[in-house]
Amino acid sequence: MNAREHILQAIKAGRPGAVALPGLEQDLAIHYDDVLAKFKTTLEAIGGQWLEISGEEEVSTFAEQESGAGKFVINAAGDNENSLSEMTARQLAGVDMAIVRGKLGVAENAAIWLTEEQMKNRLLPYICQQLVLVLREDEIISNMHQAYQQTRINERGFGAFIAGPSKTADIEQSLVIGAHGPISLKVLIIKENKIA
Amino acid sequence: MKAHAILAKEFIADEARTDWHDETLWFIRQKRDKAAHTLPEWEQLRQWASEIKNHTLSKLDEYLVEFENNARQNGVMVHWASNGDMHNQIVYDIIRQHNITRVVKSKSMLTEECHLNHFLATMGIEVVDTDLGERIVQFRKEPPSHIVLPAIHLTKQDVSDTFHQHLHTEKGNADPLYLTRAAREHLREKFLEAGLAITGVNFAIAETGGFVVCTNEGNADMGAHAAPVHIACMGIEKIIPKAEHLGVFLRLLARSATGQPITTYSSHFHKPREGQQMHIIIVDNGRSRQLARADFRNSLKCIRCAACFNTCPVYRRSGGFSYHTAVAGPIGSILNPNLDLKSYSDLPFASTLCGSCSNVCPVKIDIHEQLWKWRQVIASEGQVAPAKKLMVKGMAFILARPALYRVAGRVGRWCMRYLPFLLNHKLNPWYRQREMPGPAGRSFRDWYIKNKKQ
């Protein structure tokens, strides 16, 4: 008998009697009246920053301004970045800033869901020095239960919730922003109805 | 192997460090409370989590098969290992197959449990631990002392000395930002040159065949997305039935662990990236045996948040190394006797049975009750320390004889009053860390008889 059969048989012999799966009544979970305000305060609390912009087209303006300073900026939220998937880890290691479109923002923890489709290259949002994620105001919801209701986690081969910049407190519990991933995270929030 | 009490004694020899350790972990416990109190539904979440895990354990074999089928359809190679040796061999075979020499690994308590690094080192393969805390203890040739905070037993000066020796940082510079940046540079190079990345698994989803890995540092992702081969190692108990259950567990995990609303990265792996190879190793290593023990099976619900470590009055004051095992703390004290009763028979006694661990557990494991039940198993199998056994037998003899008990009480009180040196000496283990209490004027029984008459 191989390991697989052996393990499965041992589990079957030892498992307890049937226990029902609970129904998750999602109404019991917290909902915020002002999800945008909650999202912003949570994001600040976990070391992230935000900037409101008035339309999707302002993302490329933002990218151009940032590149102006001689930085290597990749705007994966732009259209013509199909070559990104071909880039090697070593090439990506030189990226100063990556701008990536998010799909969903969660107010309770400021996590933003994005998949390989938005990342273009799985390594990009992790290896860049600064990460900028783009969200539309109406893509922000209250809690994680709603998030899983509104996404199919296996829609692509890889997807992630990213909440704030990478961090560690492994040295005497002192919080250091910027462990292995980005040392900063900024969220561009598109307010479509923003009056100029 | 030295027992918990002896190792704890070594730890508390440095009083200032013990106090720092105690207070720091208690501070994390308080952060956990603050995070929990932001959610009115917190207790409901714990209840759901507990019920989901109970349900999953009752159909664990079916969910594992469902997970395996879906993962295979996603293009992931699935392996099964009955024990640690088999797990290590599978990892080694994959490494050999690809002629890999450089391996990076993010945090995985399972691989610690299986002593993977040590095994691979004997086969000539160096594994670089990429979690900052794990890298620190790896340089020092120490195991992690805490499952979430591997280097919590060290001061920044210790880390500074270690980094000066291994990474040539400035001598005496103990600035955490400076030291973290040095590790960032050092490990970036390791990520880029690695041929293989090993990660743990926080949750494996049966209905999709995917798995979720949670980190704050981003090290699991840096490794997995850069290397040509990715191996994810999981215990059989990591399964959850559906994607929607992640909502419950991800809301609980980081809040219970560090008081954060969620970890920075919650990565959902389903398919290898273009040109990459992805493996999952499903490991039993005693878990199916634990599942069959009705009194102890629900220890398998654990999601490794370490809330029970941070709240435990014994762990906080004795340090992780006193548990002489990969998973320390209260949960380790109920998991390890299953793996090796003789070697870990001291651990269920490393507790005051105060129950704080059970109260903070996000999946409602009755940890303190299991500690007490393990004590009974250990006693019935004759694994209790001889001195303790003799003392308990003596007590039982006296307590079973009321007249003798009364005489003994009177003699004891008289001795405490007139001959204190009989008790206040180094051979009395109780006296070693404590002052003896003042003797009572009379016994409760005498008081009761007198007051009843009035």
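Figured I'd write up the structure that's included with this text. (Residues numbered from 1 in each chain as written. Chains lettered and ligands numbered in written order. Predicted model: local features only at pLDDT ≥ 70, side-chain atom pairs only at ≥ 80, totals over all residues.)

A short note on the overall build of chain B
Here is step 1: Tallying secondary structure elements over chain B gives 22 helices and 10 strands in all.
Here is step 2: A compact globule built from 454 residues would reach a C-alpha radius of gyration of about 22 Å, and chain B, at 25 Å, matches this within 12%.
Here is step 3: Projected onto its principal axes, the C-alpha positions of chain B cover 90 × 55 × 45 Å.
Here is step 4: By residue count, 49% of the 454 residues in chain B fall in the buried class.
Here is step 5: Considering only residue pairs separated by 6 or more positions, chain B has 73% of its internal contacts joining residues 24 or more positions apart. (Helix = DSSP H or I, 4+ residues; strand = E, 2+ residues; numbered from the N terminus. Rg over C-alpha atoms; globule rule 2.2 N^0.38 Å. Buried ≥ 20, exposed ≤ 12 C-beta atoms within 10 Å, placed from the backbone. Contact = placed C-beta atoms within 7 Å.)

So, the sheet that holds strand β4 (residues 196-199) of chain B
Residue and element names in this part refer to chain B.
Here is step 1: Read across the open sheet, the 6 strands follow the order β1-β10-β7-β4-β2-β3; overall the sheet is parallel. This sheet does not close on itself; its edge strands, each paired only once, are β1 (77-81) and β3 (126-129). Geometrically, the sheet is characterised by an average inter-axis angle of 25° between neighbouring strands, direction not taken into account.
Here is step 2: Taken together, the 5 bridges between β1 and strand β10 (residues 277-283) define a ladder with parallel strand orientation. Following the sheet pairing, His 79 is matched in β10 by Ile 281. (Pairing = 2+ DSSP bridges. Axes fitted to C-alpha atoms, helices over the stretch in contact; angles between N-to-C directions.)

Concerning the packing of helix α3 (residues 42-58) of chain B against helix α12 (residues 244-257) of chain B
Residues and elements named next belong to chain B.
Here is step 1: Between α3 and α12, the least distance of the axes is 10 Å, while the angle of their chain directions is 125°. Comparing the axis directions of α3 and α12 gives the class oblique. Here the hand of the crossing between α3 and α12 comes out left-handed. Within the contact between the two elements, α3 uses Leu 45, Arg 46, Trp 48, Ala 49 and Ile 52 and α12 uses His 245, Val 248, Phe 249, Arg 251 and Leu 252.
Here is step 2: Of the residues belonging to the contact of α3 with α12, the class tally is 7 nonpolar, 1 polar and 2 charged. (Parallel < 35°, antiparallel > 145°, perpendicular 65-115°, else oblique. Left-handed = near helix turned anticlockwise from the far one by under 90°. Nonpolar A, V, L, I, M, F, W, Y, C, P; charged D, E, K, R; others polar.)

What about the nonpolar core?
Here is step 1: Core analysis: the largest hydrophobic core is formed by 171 residues, its most contacted members being A:Ala98, A:Leu124, A:Leu133, B:Phe211, B:Met234, B:Phe249 and B:Cys308.
Here is step 2: A per-element tally of this core places α12(B) first, with 8 residues.
Here is step 3: Residue contacts for B:Phe249: discarding those within four places in its chain leaves B:Ala49, B:Phe203, B:Ile240 and B:Ile303. (Core = buried A, V, L, I, M, F, W, Y, C linked by C-beta atoms within 7 Å.)

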